[in-house]
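Structural overview
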Amino acid sequence: MDLRIFTEPQQGATYDTLLAVAKATEDLGFDAFFRSDHYLSMGSGDGLPGPTDAWITLAGLARETKRIRLGTLMTAGTFRLPGVLAIQVAQVDQMSGGRVELGLGAGWFEQEHKAYGIPFPKEKFARLEEQLAIVTGLWATKPGDTFDFHGTHYDLTDSPALPKPAQAKIPVLIGGHGASRTPKLAARFADEFNMPFASIEDSERQFGRVRAAAEAAGRKADDLTYSNALVVCVGKDDQEVARRAAVIGREVDELKANGLAGTPSEVVDKIGRYAEIGARRIYLQVLDLADLDHLELISAQVRAQLS
């Protein structure tokens, strides 16, 4: 089971804070550092000192880390034109020596679009499908050839399809709860399917849909990696769990029901239940980015047991 650290910087984090978490992620043996792609805080927090851009952040981390994978859950398709995104991600992949993964979603948080003057189209899923076709098509085009795409939302003519990533193929992540269109999109484009903040039962159901869609598309179901993203709150005892829950404004019982919370043994047990339904990777949503002791505890007493 791979354990990856997943951050939500829009809630309030500087680049230096994210760098400290990424370096701890690497030093403590976790597989990857991922971040969300949002420009506005959610909930009651003020989001100070303000947002950081996902791909600018990852470009910096690409030069300041050596081993961990780097990526997004999920880049908002509404934020970037697909040709520009293909260039950005390929460049960061080169800067990292081939450690980048692209999670790409349709975009959903209308308020942040209004706050920063970003168009929020009514039809987002069809745009996402074209974006995935363009980004992956540009990367797959052989050097010296050109790439054309003529869709409903985007039109590319005689693109040199440069630059190329360092990796032969950048892994693409698709996720979501949609019962029909999402599994078909994953079957067509994804190397990994991620189920965000879902129960074991709902995850098992959605994994089954994706597996069926992959087979219907002529792929082996096991060609895809299946993963979950879950909030994490671990303590050496009940008192420490309660303290960490209070810091992030959550109730312990709710965290235990909907995430990975409790003592290390409790969390290991629940991760094992996700593994039983096919999850091979867990993104640990860490909400208190100042608490590096939390990461140390998870590495020493959760990750070590799952390695």
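Everything below is about the structure printed above this text.
A short tour of the structure in this document, coming up. These figures come from a predicted structure and were not determined experimentally.

Next up on the list: the side chain of Glu112. With respect to the helices, strands and loops of the structure, Glu112 is situated in helix α4 (residues 110-116). Excluding anything up to four places from it in sequence, Glu112 contacts His38, Tyr39, Leu40 and Phe79.

What follows deals with the layout of surface pockets. By volume, the largest pocket is sized at about 1200 Å³. Residue lining of the largest pocket: 44 residues in total, with Glu8, His38, Met42, Trp108 and Phe197 positioned closest to the centre. Here the second largest pocket defines a volume of roughly 160 Å³. For the second largest pocket, the lining is made up of 14 residues, of which Gly77, Thr78, Arg127, Gln131 and Tyr154 are closest to its centre. Counted by class, the lining of the second largest pocket contains eight nonpolar, three polar and three charged residues.

Quick look at helix α10 (residues 264-276) now. Compared with the 18 Å implied by 1.5 Å per residue over 13 residues, the 18 Å span of α10 between its first and last C-alpha is a close match. When α10 is considered as a whole, its buried residues turn out to be Pro264, Val267, Val268, Lys270, Ile271 and Tyr274. One face of α10 carries all of its buried residues, which in axial projection span an arc of 165°. Facing away from the buried side of α10 by over 90 degrees, the exposed positions are Ser265 and Glu276. Count one or two residues on from α10 and you reach Gly278, which has phi positive near 110°.

This next bit is on empty space enclosed by the protein. One water molecule sets the probe size; rolling that probe over the atoms shows where empty space is left. Applying the stated criterion to the full structure yields one cavity of 30 Å³ or more. Volume-wise, the largest cavity comes out at about 90 Å³. Taken together, Val232, Cys233, Arg243, Arg244, Val247, Ile248, Gln285, Val286, Leu287, Asp288, Asp291 and His294 make up the lining of the largest cavity. Of all the elements in the fold, those that place two or more residues in the lining of the largest cavity are β10 (225-234), α8 (238-247) and β12 (281-286). The biggest single contributor to the lining of the largest cavity is α8, with three residues. In terms of residue class, the lining of the largest cavity is made up of six nonpolar, two polar and four charged.

Take Gln285: it is sitting in strand β12. Engagement of the side chain of Gln285 in a polar contact is seen with the side chain of Glu8, the distance being 2.9 Å. What Gln285 contacts, discounting residues up to four positions off in sequence, is Phe6, Glu8, Phe197, Leu230, Val231 and Val232.

Walk down a regular strand and you will see the side chains alternate between the two sheet faces. Burial runs high along strand β5 (residues 100-105): six of the six residues are buried. Taking every second residue as pointing to the same face, both faces of β5 are buried, with Val100, Leu102 and Leu104 on one and Glu101, Gly103 and Gly105 on the other. Looking at chain direction, strand β3 (residues 69-72) and β5 are connected through two bridges and run parallel. Directly across from Gly71, in β5, lies its bridge partner Glu101. Where strand β4 (residues 75-76) and β5 come together, two bridges link them in parallel fashion. Its bridge partner being in β5, Ala76 is matched across the sheet by Gly105. In terms of handedness, the path from β4 via helix α3 (residues 82-96) over to β5 forms a crossover that is right-handed. As defined by bridge partners, β5 adjoins strand β8 (residues 172-175) across two bridges and the pair is classed as parallel. Residue pairing for β8: Gly103 is matched across the bridge by Leu173.

Time to look at unusual backbone geometry. Here the amide bond leading from Leu48 into Pro49 is cis, since omega sits at 10°, within 30 degrees of zero. Position of Pro49 relative to the elements: it lies in the loop between β2 (32-35) and α2 (54-64). Put simply, Leu73 and Met74 share a cis peptide bond, and its omega is -20°. Along the chain, Met74 falls in the loop between β3 and β4. Its identity as a non-glycine residue notwithstanding, Asp158 has a phi of 55°, on the positive side. Mapped onto the elements of the fold, Asp158 is located in strand β7 (residues 155-159). The backbone of Ala161 sits at a positive phi, close to 55°, despite the residue not being glycine. Here Ala161 lies in the loop between β7 and β8.

What counts as what
- One numbering rule holds for all chains: residues counted from 1, following each sequence as written.
- Where local features are concerned, this predicted model is filtered to residues with pLDDT of at least 70; where side-chain atom pairs are given and counted, the filter is 80 or more; whole-chain, interface and lining totals use all residues.
- Think of the side-chain values as coming from all heavy atoms in the structure, minus any hydrogens and water.
- Helix and strand definitions follow DSSP, with helices as H or I runs of at least four residues and strands as E runs of at least two, each counted in order from the N terminus.
- The contact definition used throughout considers only heavy atoms, calling two residues in contact when any of these lie within 4.5 Å.
- Here a cavity is any set of points on a 1 Å grid over the protein atoms alone where a 1.4 Å probe fits but cannot get out, and a pocket is any open set with protein on both sides within 12 Å along at least 5 of 7 lines; a residue lines the site when it has an atom within 4 Å of a point.
- Grid points are joined across faces, edges and corners, and a volume is the space filled by probe spheres set on the points.
- Residues are sorted three ways: Asp, Glu, Lys and Arg are charged, Ala, Val, Leu, Ile, Met, Phe, Trp, Tyr, Cys and Pro are nonpolar, and all the rest, Gly among them, are polar.
- Between the first and last residue of a helix there are one fewer steps than residues, each counted as 1.5 Å, and that sum is the expected span.
- Partly exposed describes any residue whose relative accessible area lies between the buried limit of under 20% and the exposed limit of over 50%, with all areas from a 1.4 Å probe on protein chains only and scaled to the type maximum.
- It is the directions from the helix axis to the C-beta atoms whose arc is reported.
- Residues adjacent in sequence count toward polar contacts only when both atoms are side-chain atoms; beyond that, a polar contact is any pair of N or O atoms within 3.5 Å, and within protein one must be able to donate a hydrogen and the other to accept it.
- Two strands qualify as a pair provided that DSSP identifies no fewer than 2 bridges between them.
- Here, the term right-handed applies to a crossover whose path from the first strand over the helix to the second runs clockwise when the strands point away from the viewer.

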